[in-house]
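Single-letter residue listing:
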Protein chains: 2
Amino acid sequence: MAEEKKIGITVKKKDDFSEWYTQLIEQAELADVRYGIKGFVVYREWAQVTIEKMYRSMMDALDRKGHMPLCFPTLIHEKNFELEAEHVEGFTPDVFWVTQAGSEKLNEKYALRPTSETAFYQMYSLWLRSHRDLPYKRYQRASVFRAEKTKGTRPFLRGREFHWIETHNAFATHEDAYKQVLEDMEITREVLGEEFAIPHIFFERPQWDKFPGAVSTFAADALMGSGKVLQLPSTHLLGENFSKPFNVTYVAENGEQKYCHLTCYGPAISRIYGAMIALHSDDKGLRVPFNMAPLQVVIVPIPKEGADNKAILKKAEKLSKDLGKKYSVKIDDRDEYTPGWKYNYYELKGVPMRIEVGPRDLENGTVIIARRDTGKKELTKDPDVVKVVDKIAGEYTENLLKQADEGFEKNIVHSKSVEEIKKALSENKIASAGFCSIGMDGAKCAEKIDLTGGEVRGKRMDKEEKPKGNCVSCDKPAKLIVYVAKSY
Amino acid sequence: MAEEKKIGITVKKKDDFSEWYTQLIEQAELADVRYGIKGFVVYREWAQVTIEKMYRSMMDALDRKGHMPLCFPTLIHEKNFELEAEHVEGFTPDVFWVTQAGSEKLNEKYALRPTSETAFYQMYSLWLRSHRDLPYKRYQRASVFRAEKTKGTRPFLRGREFHWIETHNAFATHEDAYKQVLEDMEITREVLGEEFAIPHIFFERPQWDKFPGAVSTFAADALMGSGKVLQLPSTHLLGENFSKPFNVTYVAENGEQKYCHLTCYGPAISRIYGAMIALHSDDKGLRVPFNMAPLQVVIVPIPKEGADNKAILKKAEKLSKDLGKKYSVKIDDRDEYTPGWKYNYYELKGVPMRIEVGPRDLENGTVIIARRDTGKKELTKDPDVVKVVDKIAGEYTENLLKQADEGFEKNIVHSKSVEEIKKALSENKIASAGFCSIGMDGAKCAEKIDLTGGEVRGKRMDKEEKPKGNCVSCDKPAKLIVYVAKSY
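Residues numbered from 1 in each chain as written. Chains lettered and ligands numbered in written order. Predicted model: local features only at pLDDT ≥ 70, side-chain atom pairs only at ≥ 80, totals over all residues. Heavy atoms only, no water.

Taken as a whole and assessed by the stated rule, the structure comprises 74 salt bridges over all chains. Where A:E190 meets A:K65, a salt bridge forms, and the shortest distance between an N and an O atom there is 3.3 Å. Within this pair, whereas A:E190 is found in helix α6 (residues 174-195), its partner A:K65 is found in the loop between α2 (45-64) and β3 (68-69), the two being separated by 125 residues in sequence. A:E190 sits in the buried class, given a relative accessible area of 16%. Across the pair A:R138 and B:E45 runs a salt bridge, and its minimum N-O distance is 3.1 Å. Here A:R138 is found in strand β7 (residues 136-145), whereas its partner B:E45 is found in helix α2 (residues 45-64) on a different chain. Note on B:E45: relative accessible area 9%, which makes it buried. (Salt bridge = Lys/Arg side-chain N within 4 Å of Asp/Glu carboxyl O. Helix = DSSP H or I, 4+ residues; strand = E, 2+ residues; numbered from the N terminus. Buried < 20%, exposed > 50% of the residue type's maximum accessible area, 1.4 Å probe, protein only.)

As structure tokens, then:
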């Protein structure tokens, strides 16, 4: 037997989230940071299999809601990029530029897209003609690039290249565009909330924190194990801000030429993957929703000296064949590792179920099924195995969501003063508070709150909340409730 | 009724392939060349839906054969890029370079990957340790960038950014690596040959035409309507050429440290899409294999004055519901277009089946099913519709393949002299001929053949062929049969 590589995370998630995440990524072999260009990492197979599944989930949801895919070039001509003033100001400091082809310096510069509004809308200007072309709902799967020199990088959560989907939609009216924001919230709930089991709140962001060039920005925040929130998909009402400089117009039924109302939505799949694993994983290693797992069931035969090890393997193979019809299943019968090492290994790798088959199981017509969500082991009779696996498969993701949800709800504290906000944040919680305005007239009040180390994340979109009393920051009556949190 | 946009391709494929292809792309709205950066085009929805399906087919095939996905950065550090001498020489003239971030010039240059050997193998050097890690079979879905200043561009078939999959595999021995070449040929046959219905020949390329840095190159050529061949996926035996400079090693069972044998395979999905539509489409417009079609069945109600048009629509809706369980189906009941215009439109768009429902069909309990592969219309009784649609769906792709295959086989002419080769090529055919060698000692003979306007594409891999007589180019006895063709 070869010497077994030591595996396992050596710190606790609640004690040192940052180090725990770093070890999780390294030990479960999810990404490799040794690529040699700052902020650019390699996604390894165990992450990428899941990321592909997540892409399929999100693209299927967009298809169901009437979007179609497009594919734009990675490069954007500098002259397009510069057409919308706020947009160019917001993104230019972070743009990687291509200036050379072969040994020749180019006469023009091309941006590696940091986002694709300025690429899409020049074409929408050519494609959209009539009210009959609207609504026009399109998306692309793409990687985007942001140098973000002032921000630290972290695999999946923040990198200089990341992998997303961006939708770009055109509508006849503001009302239609706003309905799209609500649909984007619904898609987020279905895909992130249910399929990826990530509890989140969808906010309207304050005006001082909107996307460069947008009229308003809406975004989902997830509370991570560290007490910080992470912005997940955001969706933007662009109004006519881009359709004017890019001339995206349509002829209305009455013959009038009008500007389209544009929206965009940007679920960053690689970032959502980071959030998903940071949220669900534990001190033993990775945990992901059942349908997102690269391997769903591992079967570990437990050979013993003097036992009928061939029969044990044969039983494992029969199980594998039966379960393989519905699930991704593997037998690990390598003899260079002990069963105990394998248990740890597959827990680290986040395999939802492990089936142990030993000599006693052979005699008794049983197996042991161990589940990664609860850590429980269940002695199961052979004829019941498929039924039990089906049951666990059916409740596994919901169970992860429940565990994450408990952490979420009890971490929101309603606060009546800036001091109370500060206290809540120091306890790794989110604060809610009465506030005067998320328009630009509230910006001064937000600055006071920034001193707590948190940020005003905005007004929640999923329910109406009525404030009492005054703004937590000034003397004016509160007009809404905002949420304050530290963020990544 | 609005004025109907005139649609349709105005030249015949056999008369002017190049203009026909340009019109096909434009009229069926597959790509838009007006993006504003030379060689970079936008893939529109009708192409991209199919390209996504093609990606899934190819990735599923790779998964079945034991590969796993990875995801590498788009940028490659100049110092990696320069490690393998032939490789850097072959690709450097075509590389786009990132030299700037924000307003700052970078201290180092990053290549937009033209291919990813130099990215993958530095990491393989870190990841691969033992013979137990081998074979190691990985792939990524990615876009790649080649400036190729001397070559013209054409949507899908040749662009400065294209969308591919690249596999990078490591093996213990040359024999194992060579088996992978045969497996890659098998994957090509299954996916390109069967699912995309593209007849092709898999060749071992001559030594003077191999991938920069490879020991040998193998590639599939498809014969396009124009008489030219198009290189589709190629696979490369890299031997130890990259594992030495990148130090990709493993410890063998006997404890010896050895270099891995590497192979790579690069199905360029966007290019294969171009080949697929160029091959199957006709003077009426697009044709694609049934499972690759964005829309499989369109139902066109034919309203008439005085008829029960509501009942016609209701019948269409029932059909749509029944067929929608298995197929992608749409009803086009827009009243601004005539049924005749719609027939042309969906033929242009390559929808495999059209179902017409008119007043007479309502009376007789029938519909008309028109198929895009044969152009035939079939009067079908209501209870038989699903059965007939199933039948057409089942034979559609095979039928496209048969039509393309006939064109392929009769276009190969065995030639006994350089003059005969020249004649065959002038008739838009492929020539086969006895030849002395595809090693470097045959290069001089190949130069003589180049004067015909064709190129020696290599020795066919899918069957053994015994030559008779002498090399077509020199006096030495022929050792193999090669194929000569004009190429894109």
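Let us now look at the sheet that holds strand β18 (residues 366-371) of chain A. Residue and element names in this part refer to chain A. Taking strand neighbours across the sheet as the criterion, the 5 strands line up as β16-β15-β17-β18-β19 in an open arrangement whose pairing is mixed. Strand pairing shows two members of the sheet lacking a second neighbour, β16 (329-331) and β19 (377-381), which therefore form its edges. Ignoring which end each strand starts from, the neighbouring axes of this sheet average 25 degrees apart. In this structure, strand β15 (residues 297-301) lies alongside strand β17 (residues 353-357), joined through 5 bridges in parallel fashion. Residue pairing across strands places V297 opposite M353, the latter belonging to β17. Strand contacts of helix α10 (residues 339-348): β15, β16, β17 and β19, with the helix running at about 170 degrees to β15, the strand carrying the most contacts. (Pairing = 2+ DSSP bridges. Axes fitted to C-alpha atoms, helices over the stretch in contact; angles between N-to-C directions. Contact = heavy atoms within 4.5 Å.)

Between A:L134 and the following residue, A:P135, the backbone shows a cis peptide bond with an omega angle of -5 degrees. Located in the positive-phi region is B:E29, a residue other than glycine, with phi close to 55 degrees. With respect to the helices and strands, B:E29 occurs in the loop between α1 (17-27) and β1 (31-37).

Before going further, it helps to examine helix α8 (residues 269-280) of chain B. Since one α-helical turn is 3.6 residues long, residues separated by three or four positions face the same way. Residues and elements named next belong to chain B. With 12 residues, α8 extends 16 Å between its outermost C-alpha atoms, agreeing within 8% with the 16 Å of an ideal straight helix rising 1.5 Å per residue. Across the 12 residues that make up α8, a large majority, 12, are buried. Of the positions making up α8, those classed as buried are I269, S270, R271, I272, Y273, G274, A275, M276, I277, A278, L279 and H280. (Expected span 1.5 Å × (residues − 1).)

What follows is about the side chain of A:E166. Residues and elements named next belong to chain A. Relative to the elements of secondary structure, E166 occurs in strand β8 (residues 161-171). We note that E166 is buried and unpaired, the nearest opposite charge coming from R113 at a distance of 4.9 Å. Among the polar contacts made by the side chain of E166, one reaches the side chain of W164 at a distance of 3.3 Å. Within polar-contact distance, the side chain of E166 engages the side chain of H168 at 2.8 Å. Excluding anything up to four places from it in sequence, E166 contacts R113, T115, S116, F120, R138, Y139, Q140, V144, Y265 and G266. (Lys, Arg positive; Asp, Glu negative; His and termini not counted. Polar contact = N/O pair within 3.5 Å; in protein donor to acceptor, adjacent residues only side chain to side chain.)

Further remarks concern the interface of chain A and chain B. A common way to state how big an interface is: give the accessible area lost once the parts meet. Each partner contributes to the interface: chain A provides 59 residues, whereas chain B provides 59 residues. Approximately 5,200 Å² of surface area, both sides summed, lies buried where chain A meets chain B, with 60% of it carried by carbon and sulfur atoms. Remark: the boundary between chain A and chain B carries 6 salt bridges. Counting the contacts that link chain A with chain B gives 23 residue pairs in polar contact (both at pLDDT 80 or more). A per-element tally of the side of chain A that touches chain B places α2(A) first, with 8 residues. (Buried area = accessible area lost by both parts, 1.4 Å probe.)

Moving on, we get to the sheet that holds strand β17 (residues 353-357) of chain B. All names here are of chain B. Within the open sheet, the 5 strands sit side by side as β16-β15-β17-β18-β19. Their pairing is mixed. Lying at the two open borders of the sheet, with one neighbouring strand each, are β16 (329-331) and β19 (377-381). Averaged over all pairs of adjacent strands, the angle between their axes in this sheet comes to 25 degrees, without regard to strand direction. In this structure, β17 lies alongside strand β18 (residues 366-371), joined through 4 bridges in antiparallel fashion. The residue of β18 that forms the bridge with R354 is A370. Set on the sheet, helix α10 (residues 339-348) makes contact with β15 (297-301), β16 and β17; between it and β15 the angle comes to about 170 degrees.

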